[in-house]
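Breakdown of the fold
Listed below are the residues making up each chain.
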Amino acid sequence: MRSSVPGRRSTIRELPLGARIALGAALPLALLALWQFIIVLDVVPSYRLPSPTAVFLAGVDLQNRGLLGIHVLISTQRVLIGFAVGSIVGLVVASFVGLSRLGRYLVSPFLSGVRSIPSLAWVPLLGLYLGINEDSKVTLIAIGAFFPVYTVVSHALRNTDPQLLEAGRAFGYSGVRLLGLVQLPSAIPSVVSGLRLALAQSWLFLVAGELLGASMGLGFLLTDSNNNGRIDRLFLTILLLGLLGIITDAIVGVLERFLLKRWGA
Amino acid sequence: MSITTSAATTSPALSVSLDGVGRSFDGSRKVLRDIDLEIAAGEIVALLGPSGCGKSTLLRQVSGLDAPTAGTVRIDGAEVTGIDQRAAVAFQEPRLLPWRSIRRNVEVGLARHTDRAEGAARVEQLLELVQLSHASQLRPRQVSGGMAQRASLARALARNPGVLLLDEPFGALDALTRLTMQDLLLDIHAVEPATILFVTHDVEEALYLADRVVLLGVESGYKADSGAVIRSVITVPGKRPRDRGNAALAHLRAELLDGLGVSTHHPAHTL
């Protein structure tokens, strides 16, 4: 149950940073090499598979017109606002559902129904009621970010170690004080993983959101390129979405390491 | 009922009295019934009995973590209703918060509204008492089971309890550590003379530590769900610390083991 050897965690050694970066980059680079190899063999026509160079040049072209930064920035802004709103609401609702029996029986069946609605099904409704503007796009992303946080955190709060709760009660803690002593700290690892999932989900919902009559953003670029047969831009957008996902996930990863060091077991 | 929280002064030990205490679950399944027991202030009493006989349940009635379905529990003459801050509990598992250092875990035990400086001094004093001063900054996962259990004991003592309730406190420890911890508990009792009520299934431990041993169990001829009663109360002779090899305790050991339904093959038993 409990290790008698101090510092058990340190027995699993972490690879050096350089090695981790090299391993992480190995598959994407291999894929890039394969891609270039297929282009060199010239077996697939360029309207079906653009060359890596063509995709890069499409990016440079958009950059020269001053559009690339705008698309990336507006999408990032939508994701960050939607993610922030969705995860804050998620945390609040999760606390209600995870800590009170009323919340659990009243809200949780309803939300498990709402959770199963696919993102695209929201698009026409949000457009109809909120209009074709930033609000409807950000709301859709917030819906996407809400559920991972809500699901993971409410589950964690409901399953707080009963032995620790009882120990807290035995020392005179109850209500909000007990929440601060036991439940919230023990849920922090779950909060972090919920946030991480929510951020990934936000990027997924962004593309659906930018189907809502957007004139800017990566989702717009995706549909626009598709309509105009600009497969080079299509590839560019997909790569950018992947890249942005990696970057934002890495930022949350830093937060995660900090929080787990402070609050982890 | 005022509770002193001063670091310098230790609260006096308080008496515990159980009067017709019973606890049944789901209306019918009785775990305990008709428990009458008077424990004097400063006394050490062991609750001994076979597994699942309701020893821990009885302890929970005294701490207020659970409420009896019959009878009353009094500490120092005043009835226990709800979590009672005059008593403190240490569980079989250390139950330390894994994200807090040992020191911050001991702080959890301080009575509410304890003055900051006084609380810090009290925690310091207790860490020294349980020999954890050197490990106060470590997290629970970084220390051994015995150290974690010492921290749990210090946490229970932090509020200067009049009654210390220990639920198989050394049950999960290895045999050698357990003996060391028993001596530590006696040292603590000498410095902080609270009334101690502890649950154990270890006859040796009961005879080594306790003034009196209370044997719980279902009366012969009754069904298991009729509830455990006090089968016998044995006053252990001799002053502490007792000689672990004391032959005079051998017949008591045989008597208790017999009460637990264990055959002892001890000749004294037949006398």
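Keep in mind the model is a prediction, meaning the values are calculated, not measured. (Residues numbered from 1 in each chain as written. Chains lettered and ligands numbered in written order. Predicted model: local features only at pLDDT ≥ 70, side-chain atom pairs only at ≥ 80, totals over all residues. Heavy atoms only, no water.)

With that settled, consider the sheet that holds strand S3 (residues 44-48) of chain B. Backbone-to-backbone hydrogen bonds join strands into a sheet, with any given pair of strands oriented parallel or antiparallel. All names here are of chain B. Spatially, 10 strands are ordered S5-S4-S1-S2-S10-S9-S3-S8-S7-S6 in an open sheet, and the strand pairing comes out mixed. For this open sheet the edge positions go to strand S5 (78-79) and strand S6 (87-90), each flanked by a neighbour on one side alone. Of the strand pairs in this sheet, strand S1 (residues 16-25) and strand S2 (residues 29-39) are connected by seven bridges, and their pairing is antiparallel. Looking at the pairing, Ser24 lines up with Lys30 of S2. Strands S6 and strand S7 (163-167) of the sheet are contacted by helix H4 (residues 145-157), whose axis makes an angle of about 170 degrees with S6. (Pairing = 2+ DSSP bridges. Helix = DSSP H or I, 4+ residues; strand = E, 2+ residues; numbered from the N terminus. Contact = heavy atoms within 4.5 Å. Axes fitted to C-alpha atoms, helices over the stretch in contact; angles between N-to-C directions.)

Residue and element names in this part refer to chain B. Under the counting rule described, the total for this entry stands at three cavities of 30 Å³ or more. When its volume is computed, the largest cavity comes out at roughly 50 Å³. Together, Glu168, Phe170, Gly171, Arg178, Val199, Thr200, His201, Asp202 and Glu205 line the largest cavity. For the lining of the largest cavity, the per-class residue count stands at two nonpolar, three polar and four charged. (1 Å grid on protein atoms, 1.4 Å probe; cavity = no way out; pocket = protein on both sides within 12 Å on 5 of 7 lines; lining within 4 Å. Points joined across faces, edges and corners; volume = space filled by probe spheres on them. Nonpolar A, V, L, I, M, F, W, Y, C, P; charged D, E, K, R; others polar.)

Right, let's get into the domain arrangement of chain B. Size of an interface, as often reported, equals the accessible area lost when the parts are brought together. Residues and elements named next belong to chain B. Considered domain by domain, chain B is made up of domain 1 (10-86 + 161-243) and domain 2 (95-160). Relative to domain 2, the C-alpha centre of domain 1 lies at a distance of 24 Å. The partner domain 2 presents 15 residues to the 16 residues of domain 1 that form the contact. In total, domain 1 and domain 2 occlude about 1,300 Å² of area from one another, counting both sides; carbon and sulfur atoms represent 69% of this. Broken down residue by residue, the surface that domain 1 buries against domain 2 is led by Pro161, Leu184 and Glu192, which jointly contribute 36%. For the pair domain 1 and domain 2, the interface holds one salt bridge. Here Arg122 ties to Glu192 by a salt bridge, and the two come within 2.9 Å at their closest N and O atoms. (Domains from an automatic or database assignment. Buried area = accessible area lost by both parts, 1.4 Å probe. Salt bridge = Lys/Arg side-chain N within 4 Å of Asp/Glu carboxyl O.)

Okay, the interface of chain B and chain A next. Residue-level contacts link 30 residues of chain B with 26 residues of chain A. Approximately 2,500 Å² of surface area, both sides summed, lies buried where chain B meets chain A, with 56% of it carried by carbon and sulfur atoms. In terms of surface lost to chain A, no three residues of chain B exceed Arg95, Trp99 and Arg141 of chain B, which account for 31% of the buried area on that side. Put simply, chain B and chain A have two salt bridges between them. Notably, a salt bridge pairs Arg95 of chain B with Glu166 of chain A, separated by 2.7 Å at the nearest N-O pair. Summed over the shared surface of chain B and chain A, the number is six residue pairs in polar contact (both at pLDDT 80 or more). (Polar contact = N/O pair within 3.5 Å; in protein donor to acceptor, adjacent residues only side chain to side chain.)

Residue and element names in this part refer to chain B. Unusually for a residue other than glycine, Asp34 sits at a positive phi of about 50 degrees. If you trace the backbone, Asp34 turns up in strand S2. Within the chain, Arg95 stands out as a residue other than glycine whose phi angle is a positive 50 degrees. Take Arg95: it is sitting in the loop between S6 and helix H2 (102-107).

Counted according to the given criterion, the structure contains 22 salt bridges over all chains. Among the salt bridges present, the one from Asp66 of chain B reaches Arg23 of chain B, with a minimum N-O distance of 2.7 Å. Linking Asp66 of chain B in the loop between helix H1 (55-63) and strand S4 (70-75) with Arg23 of chain B in strand S1, this pair joins segments that are 43 residues apart in sequence. Where salt bridges share partners, they join Glu166 of chain A together with Arg60, Glu93 and Arg95 of chain B into one cluster.

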